[in-house]
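Notes for the structure review
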Amino acid sequence: MLMSLSTYILGLFALALTVQAAPAETTALKCRCLSSNPSCWPSPATFAAFNSTVDGGLTAISPPGKVCYPGPHFNEAACNTARVNSTNPYYRGDLIGATMYQKNQGDAIGVDVCPVYPTPNGACRQGKVSVIGVDARTVAHVQKAVKFAADRNLRLAVKNTGHDQTGRSSAAGSFLLWTHNLRGITFTDSFATSSCPAQRQVPAVTLAAGEQFGNVYREAEKRGLVVVGGAAQTVGAVGGFLQGGGHGPLTRSYGMASDQVLEFQVVMADGTLKTANPCINPDLFWALRGGGGGTFGVVTSVTVKTYPTPKTALALYGITTKVPGDVAAAKALISNFINIQPEFEAQGTSGYIGFSLGGIQMQIFQPNGTEATIAAAMKPILDHATLDKYNVTGGQGAFPTFFTAFDAAGCITNPGLCTERVGTNSAIASRLIPTAQFSTQTGKDALANTIFGMLDAGAKFMLTHLVTGGAIAKIPVHDSAVLPAWRNSLWHLLIGNGWTANATAPEIAANRAASTSQAQLMRNLAPASGAYINEADAKEPNFQQAFWGNNYPRLFKIKNTVDPKGLFYCKLCVGSEKWSADGNCRLY
Ligand SMILES: Cc1cc2nc3c(=O)[nH]c(=O)nc-3n(C[C@H](O)[C@H](O)[C@H](O)COP(=O)(O)OP(=O)(O)OC[C@H]3O[C@@H](n4cnc5c(N)ncnc54)[C@H](O)[C@@H]3O)c2cc1C
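Below you will find a few notes about this structure. What you see is a predicted model; the values in this text were computed from it and never measured.

By secondary structure assignment, the location of Glu 345 is in helix 11 (residues 343-346). When its relative accessible area of 17% is taken as the criterion, Glu 345 is described as buried. In this structure the C-alpha to C-alpha distance between Glu 345 and Pro 249, which are 96 residues apart in sequence, comes to 12 Å. Once you skip the residues sitting within four places of it in the chain, Glu 345 turns out to touch Arg 252, Gly 469, Gly 470 and Leu 490.

Another aspect to go through is the site of the ligand. Close contacts around the ligand come from 32 residues, with Val 158, Thr 161, Ser 169, Ala 231 and Tyr 532 the closest. Between the ligand and Asp 164, the relevant distance is 2.9 Å, taken from an oxygen atom to a main-chain nitrogen or oxygen of the residue. In isolation the ligand has 940 Å² of accessible area, and contact with the protein removes 98% of it. Those elements giving two or more residues to the shell around the ligand turn out to be strand 4 (156-159), helix 7 (240-243) and strand 11 (298-305). Across the shell around the ligand, the residue classes tally to 11 nonpolar, 16 polar and five charged.

Here we come to the sheet that holds strand 15 (residues 359-367). Taken in spatial order, the seven strands line up as 16-13-15-14-18-19-17 in an open sheet, and their pairing is antiparallel. The open sheet is flanked by strand 16 (390-399) and strand 17 (426-434), the only strands paired with a single partner. Geometrically, the sheet is characterised by an average inter-axis angle of 10° between neighbouring strands, direction not taken into account. Sheet analysis places strand 14 (residues 350-356) next to strand 15, joined by seven bridges and oriented antiparallel. Directly across from Ile 353, in strand 15, lies its bridge partner Met 362. Helix 12 (residues 371-384) contacts strand 13 (312-321), strand 15 and strand 16 of the sheet and is inclined by roughly 170° relative to strand 16.

The next point concerns unusual backbone geometry. Leave glycine aside and you will find that most residues have negative phi; peptide bonds, for their part, are mostly trans. Following Gln 341, the chain continues into Pro 342 via a peptide bond in cis, with omega recorded as 0°. Note that Pro 342 resides in the loop between helix 10 (327-339) and helix 11. Although it is not a glycine, Asn 121 adopts a positive phi angle of roughly 60°. Its place among the elements puts Asn 121 in the loop between helix 4 (89-93) and strand 3 (132-135). Judged by relative accessible area, which is 82%, Asn 121 ranks as exposed.

This brings us to the packing of helix 10 against helix 12. Between helix 10 and helix 12, the least distance of the axes is 10 Å, while the angle of their chain directions is 155°. It follows that helix 10 is roughly antiparallel to helix 12 by the angle criterion. Judged by the twist between their axes, the crossing of helix 10 over helix 12 is right-handed. Where helix 10 abuts helix 12, its residues Ala 332, Leu 333, Asn 336 and Phe 337 lie against Pro 380, Ile 381 and His 384. Broken down by class, the residue content of the contact of helix 10 with helix 12 amounts to five nonpolar, two polar and no charged.

Right, let's get into the side chain of Ser 580. Of note, Ser 580 is situated in the segment after helix 18 (552-562). Looking at Ser 580, its side chain comes within polar contact range of the side chain of Asp 582, at 2.7 Å. Here Asn 584 takes part through its backbone nitrogen, which lies 3.4 Å from a polar atom of the side chain of Ser 580. Ignoring any residue separated from it by four or fewer positions in sequence, one finds Ser 580 in contact with Tyr 569, Cys 585 and Leu 587.

Our focus in this paragraph is the sheet that holds strand 9 (residues 261-267). One open sheet accounts for five strands, arranged 6-7-11-9-10; its pairing is antiparallel. The open sheet is flanked by strand 6 (185-191) and strand 10 (273-276), the only strands paired with a single partner. Adjacent strand axes in the sheet meet at a mean angle of 20° when their direction is disregarded. Taken together, the four bridges between strand 9 and strand 10 define a ladder with antiparallel strand orientation. Following the sheet pairing, Val 267 is matched in strand 10 by Leu 273. On top of the sheet, helix 6 (residues 213-222) reaches strand 6 and strand 7 (202-208); it is set at about 50° to strand 6, its chief contact.

What counts and how
- Residues numbered from 1 in each chain as written.
- Predicted model: local features only at pLDDT ≥ 70, side-chain atom pairs only at ≥ 80, totals over all residues.
- Heavy atoms only, no water.
- Helix = DSSP H or I, 4+ residues; strand = E, 2+ residues; numbered from the N terminus.
- Buried < 20%, exposed > 50% of the residue type's maximum accessible area, 1.4 Å probe, protein only.
- Contact = heavy atoms within 4.5 Å.
- Near = heavy atom within 4 Å.
- Polar contact = N/O pair within 3.5 Å; in protein donor to acceptor, adjacent residues only side chain to side chain.
- Areas by Shrake-Rupley, 256 points an atom, 1.4 Å probe, with all protein chains shown as cover.
- Nonpolar A, V, L, I, M, F, W, Y, C, P; charged D, E, K, R; others polar.
- Pairing = 2+ DSSP bridges.
- Axes fitted to C-alpha atoms, helices over the stretch in contact; angles between N-to-C directions.
- Parallel < 35°, antiparallel > 145°, perpendicular 65-115°, else oblique.
- Left-handed = near helix turned anticlockwise from the far one by under 90°.

As C-alpha cells, this is what we get:
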C-alpha cells in the first residue's frame, strides 16, 4: 500500500523534533542504520533530494492491511479488496508493501501485526514491511537506490515478487528496492554473448528483473517457444528463483533454469553495472547461477536460452482411499509410486505428487508425449488403484504445446486463478532424494518409511517435485554454483506445516519446530544430499553445506570480493553467517 511521500516526510520531520539522537554506537558501521534510528536515517530533505534522482519513484510504504484501521489510511473499499484477495498472488505481487506470505510481513516470529480483520482496539504495526523504498522502473533507478543505501549504511531489502518463503525479501526497518515494475521481454533468434566470440549463438530471450513466468510463458508461446521456468505463473523469472537454481516441469528436459543463462546484467554493491557471462566476470557468472538471490548484486536483466515448444501430454489424478482413514491403503499407494521409479522418469514424465495419509494427488507432464505414451506411463499407478479400495478422479490428454498443457493444469487445479494461491502461512522444509535411493528395493523401502515417518509425525502437507534427473544430471557439477546434489537426484521432496491467519507466536513456533524435526528424517535418509535454498527449512542446520555443498568456499570468497561490506544480506544466504540473526549487525 502506498502512503503519500509528503505525508511520510512530514512525519519524519515531526519524529526528528521529538526523538533524541541515539547513542553514537548504534550508528557505528558495525550495525546497519534502521528507520527507527533518526540519528542515522536519512533526513526528509535527503529523501526529497534523492527522490528527484529516481524520477519520483521513492515511495512511503504501509502494510497492506493498514487500510482496514481507523485513521487517515482507512479506506473501506481498499480494505474489502485486501480481504477478498489475500490469497491472490497477482494482487499481493502488485503491492509494494506485501509479500506472498503474511508471516514475512509480520513480526520477528511471523505473527500478523496488521491483520485485515482488526481485533477490537487492535493496532496495525509495520512489522517487516520497509517504511520507504524505490519502485525502480529503470536500471538507473536500481543503481541510484543501491548507492543511496550503500553510502548511508542502510539496511537494504531487495524485493521482486515477494515469494521467498524464508523472508529474504523483507526486513524490519529497511530501505526497499522493488524490482517488480522493471519490465521487458526481448526475443532473438541468435544471441551473441558479449566479448565471447567462441560462444555458439543460440535462440534466446532477455528478461528484465520484474518479469514473472506467466507473462514470459505467454510471450514465448506466441512465438512457438518455451523458456525453462517454475510451476507458479507469478514467481519471478529473474530474481531469487533463477539465482537459486530454479526447477519446473521442463527442467528434466532442458536442465535447471540457471543452466539456461547466457548472460546477466548486474548492479553491484557500489552501484556500478556489470555484465557477467562465461568471458566477462566469469566468477560472478558462476556464482549467480545457483548461489542465491539477494547476495552478489541486483540482477537487472538476464538472457536465457529458448527452445521450440514441445507438444505435451498431461495427467491429472486424485486417488483417495475408499474408506476414510484407511492408512494402510494410502501407504500402499505411495509405496507403489516409489517402486515404479526410476522407470516413471525414464518415460519422460515430470510434475508434482502430493502424498497424504488419505491418498495421492498427481499433476504429471510429459513433454513430447502423446495420449498413448501418457497412458502407458500412468498405467502402473492406475492399475494399482483398484476400485475396491480407492476412489479415482481425473484424466489425461495431449496438448499441442507445453503452455497449453501447463495452463490447463493450472486452471483445473486452481479454478479462476489458474495458478497457485498464496497467503496461507506455513513452515516448509525440503531435501533432494538421490537417484541411487531408487536403485535397490532396500533404498525404496527406506524412502517409503521416511515418508510414512513424516506423515505419521503429523506433516500437514507433502509434495514431491518430479523435476530433477534427466537433463539436469547431464550438466557437469562444476559448471555453476548450483548445489551439486541436483545433478544426481531424482526427487525434490518437500513438507510443510501451516497455521491460520490469527495464529499466536507459540502456535507458529510449534509448526516451525515440527517442520525442522520432521525434515530430520529426510536428512537422516540422505545425509550427503542437500536442500534447495528456495524451498528450505528456515532453520536448516549447516545451511552452507546443505544449500551449496563443496561450492560454498568458492561462493564465500566471491561474495567477499564483490560485496565486502555485505550490503546484500539475506537469511541463510552466502556470507550471512557474518551477521546477527536479524541481519542488522556484523559479527566479524
Ligand atoms: C507459490 C510458489 C510457487 C513456487 N514454485 C517454484 C517452482 O516451481 N520452482 C522453484 O524453483 N521455486 C519455486 N518457488 C520458490 C521460489 O523459487 C522462491 O520463492 C524464490 O525466492 C522467488 O524469487 P522471486 O524473485 O520471485 O521472489 P522474492 O521474494 O522477491 O525474492 C527472493 C530473493 O531473491 C532476491 N532478489 C529478487 N530479485 C532479485 C534481483 N533482481 N537480483 C538479485 N536478487 C534478487 C531477493 O532479495 C530475495 O532474497 C515457489 C514459491 C512459491 C511461493
